[in-house]
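Architecture and fold: a report
What follows is the residue order along each chain.
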Amino acid sequence: MTTMTKAKGAPALPLNTIIAGDCIEVMNSLPEASVDLIFADPPYNLQLKGDLHRPDNSQVDAVDDAWDQFASFAAYDKFTQDWLKAARRLLKPHGAIWVIGSYHNIFRVGAALQDAGYWILNDVIWRKSNPMPNFRGKRLTNAHETMIWASKSEGAKYTFNYEALKSLNDGVQMRSDWVLPLCTGHERLKDDNGDKAHPTQKPESLLHRVLVGSTNPGDVVLDPFFGTGTTGAVAKMLGRDYIGIEREAAYRGVAEKRLANIRKFDRDALQVSTSKRAEPRVPFGQLIERGMLRPGEVLTSINGKAAKVRADGTLVADGVNGSIHQIGAHLEGAPSCNGWTYWCFKREGKVVPIDVLRQQIRSEMEERPN
């Protein structure tokens, strides 16, 4: 279903649609500063000279489509500069862009990104766990592609769900080299003849990681080289809005059929791990104001230390008063202490961490209507 959003005095933004046409012309027709993220898989300009064959002389289904052919490097550079300029106009001030490419084009794209005013955040190596071999045996097997992640400008804020990516990676900080397989098997889309619907279809796993890490539910994600719609499919599943631009009718047909069968995950499934710093701040004093704890009540630590709650949200122990953190540090003789995890209270004979009360207040904050 198409969703249209329109700011006052601005043209409508065609959400969750595939737009037919040239990506530069279409992007220039859309409202300025309206998109949260752009994922771009532009032509690689592979410069293939003739057919590519395996050792048994069978022909490789390589990228030889007209859309990947440019008369010269200068022509490709001009095309890159024009679409990057149009893309940057569309990004919100805190928006970002991902561009994927191979050694044929990514270095030229990287320079063009910097020349256009983008600020490179990372280059990410997608290392393919099942790369196509080098049939001629004259070069190393091309086992990776490079993605550049950039903000709209230097110093601009951007979405980075650090904790979510860390959770995806078994609790270890996500690195800039990602080992993921090529799109094969049931995920590889076929045309009516049983051939590959697109020669460079990207795997959903790659887009899942990109979108979970650098967007939030409800964000608008634009793909100016939509192809068979991997970006749109993953965006739809993850509760993001998408806009696809694709000039090839055959690819649009495959993408539309694919997207019609995609269902959005439920609301709970879309939630991801967040940094503690990103959660709403709850002063300890608010627990006293709301009667969750009472002045004069005694808090205890796991190792048996005790302090009394005061009416102003401070604690007193050993004749010293201060915050829950200061008193915990004082009693432990430590330079610092997280009072939320250090102190407990008793209810119905059970010892309960005071952080339970903080999380209860945060939960109520999230449930309030906007």
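For the protein chain, the name recorded in an unreviewed UniProt entry is Methyltransferase, with Roseovarius mucosus as its organism. In its Sequence similarities (unreviewed entry) section, UniProt records this for the protein chain: "Belongs to the N(4)/N(6)-methyltransferase family." Annotation of the protein chain in UniProt includes, under Catalytic activity (unreviewed entry), the sentence "a 2'-deoxyadenosine in DNA + S-adenosyl-L-methionine = an N(6)-methyl-2'-deoxyadenosine in DNA + S-adenosyl-L-homocysteine + H(+)".

Within the protein chain one finds 12 helices and 16 strands. Evaluated residue by residue, the protein chain yields a buried proportion of 44% over its 370 residues. Summed over its atoms, the accessible surface of the protein chain is roughly 20200 Å², and 49% of this surface lies on carbon and sulfur atoms.

By size, the foremost hydrophobic cluster in this structure holds 34 residues, and its most contacted members are Trp-98, Met-147, Trp-178, Leu-206, Val-210 and Leu-211. Among the elements that take part in this core, helix α5 (residues 204-214) stands out by supplying five residues, more than any other. Aside from chain neighbours lying at most four places away, what touches Met-147 is Phe-39, Trp-98, Val-99, Ile-100, Asn-122, Asp-123, Val-124, Trp-178, Leu-206 and Val-210. In this structure, Ile-19, Leu-91, Ile-97 and Ala-112 belong to the second largest nonpolar core, which totals 33 residues.

A few words now on the packing of aromatic side chains. All chains considered together, the criterion is met by 11 aromatic pairs. When the ring of Trp-83 is compared with that of Phe-225, the centres are 5.2 Å apart and the planes differ by 85°; the resulting orientation is edge-to-face. Here the residue Trp-83 occupies a position in helix α2 (residues 73-90), and Phe-225 occupies one in the loop between β9 (220-223) and α6 (230-237), the gap between them amounting to 142 residues. For the pair formed by Trp-83 and Phe-225, the shared burial category is buried. Each ring, one from Trp-98 and one from Trp-149, has its centre 5.3 Å from the other, and the planes form 10°; the classification is stacked. You can see Trp-98 sitting in strand β5 (residues 91-101) and its partner Trp-149 sitting in strand β7 (residues 144-151), a full 51 residues away along the chain. Put simply, the rings of Trp-98, Trp-149, Tyr-158, Phe-160, Tyr-162 and Trp-178 pair up and form one aromatic cluster. The ring of Tyr-118 has Arg-88 lying over it, and the distance from NZ or CZ to the ring centre is 5.9 Å.

With respect to burial, strand β10 (residues 241-246) is a largely interior element, six of its six residues being buried. Burial of β10 is two-sided: the residues Asp-241, Ile-243 and Ile-245 facing one way and the residues Tyr-242, Gly-244 and Glu-246 facing the other way are all buried. Bridging between strand β3 (residues 17-20) and β10 involves four bridges; their strand directions are parallel. Across the sheet, residue Ala-20 finds its bridge partner in β10, namely Glu-246.

Here we take up the sheet that holds strand β16 (residues 350-353). In spatial order, the strands read β14-β13-β12-β11-β15-β16; together these six strands make up an open sheet with antiparallel pairing. What marks the edges here is a single partner per strand, and that holds for β14 (320-322) and β16. Across the sheet, the mean angle separating the axes of adjacent strands is 35° when strand polarity is ignored. Bridge analysis of strand β11 (residues 298-301) against strand β15 (residues 343-347) gives two bridges, and the strand direction is antiparallel.

With that settled, the discussion passes to the side chain of Glu-297. Note that Glu-297 resides in the loop between α9 (284-289) and β11. Polar side-chain contacts of Glu-297 include one of 2.6 Å to the side chain of Arg-347.

The rules behind these values
Think of each chain on its own: its residues are numbered from 1, step by step along the sequence as written. It should be noted that, the model being predicted, local features are given only for residues of pLDDT at least 70 and side-chain atom pairs only at 80 or more, the latter also being counted only at that level, while totals for whole chains, interfaces and linings use all residues. By convention in this description, side-chain values take in all heavy atoms of the structure and omit both hydrogens and water. UniProt positions are given in the numbering used here, feature names are shortened, and annotations may be inferred rather than shown by experiment. Each helix corresponds to a stretch of at least 4 residues labelled H or I by DSSP, and each strand to a stretch of at least 2 residues labelled E; elements are numbered beginning at the N terminus. The classification of residues rests on relative accessible area computed with a 1.4 Å probe and restricted to protein chains. Under 20% of the type maximum is buried, over 50% is exposed, and intermediate values are partly exposed. What sets the accessible areas is the Shrake-Rupley method with a 1.4 Å probe; for residues, cover comes only from the shown protein chains. Nonpolar core, defined: a set of buried Ala, Val, Leu, Ile, Met, Phe, Trp, Tyr and Cys residues in which side-chain atoms within 4.5 Å join the residues together. Residue contacts are defined here by distance: any two heavy atoms, one from each residue, within 4.5 Å place the two residues in contact. The criterion for an aromatic pair is that two Phe, Tyr or Trp rings (for Trp, the six-membered ring) have centres within 6.5 Å, with stacked assigned to planes under 30 degrees apart, edge-to-face to planes over 60 apart and tilted to the rest. Consider the ring centre and the ring normal. A charge sits over the ring if Lys NZ or Arg CZ is within 6 Å of that centre and within 35 degrees of that normal. Here the rule is simple: two strands pair whenever DSSP picks up at least two bridges between them. For helices, the axis comes from a line fit to the C-alpha atoms of the stretch in contact; other axes are also lines fit to C-alpha atoms, and the angle between any two N-to-C directions lies between 0 and 180 degrees. Polar contact criterion, stated in full: a pair of N or O atoms within 3.5 Å, where within protein one must be able to donate a hydrogen and the other to accept it, and residues adjacent in sequence count only if both atoms are side-chain atoms.

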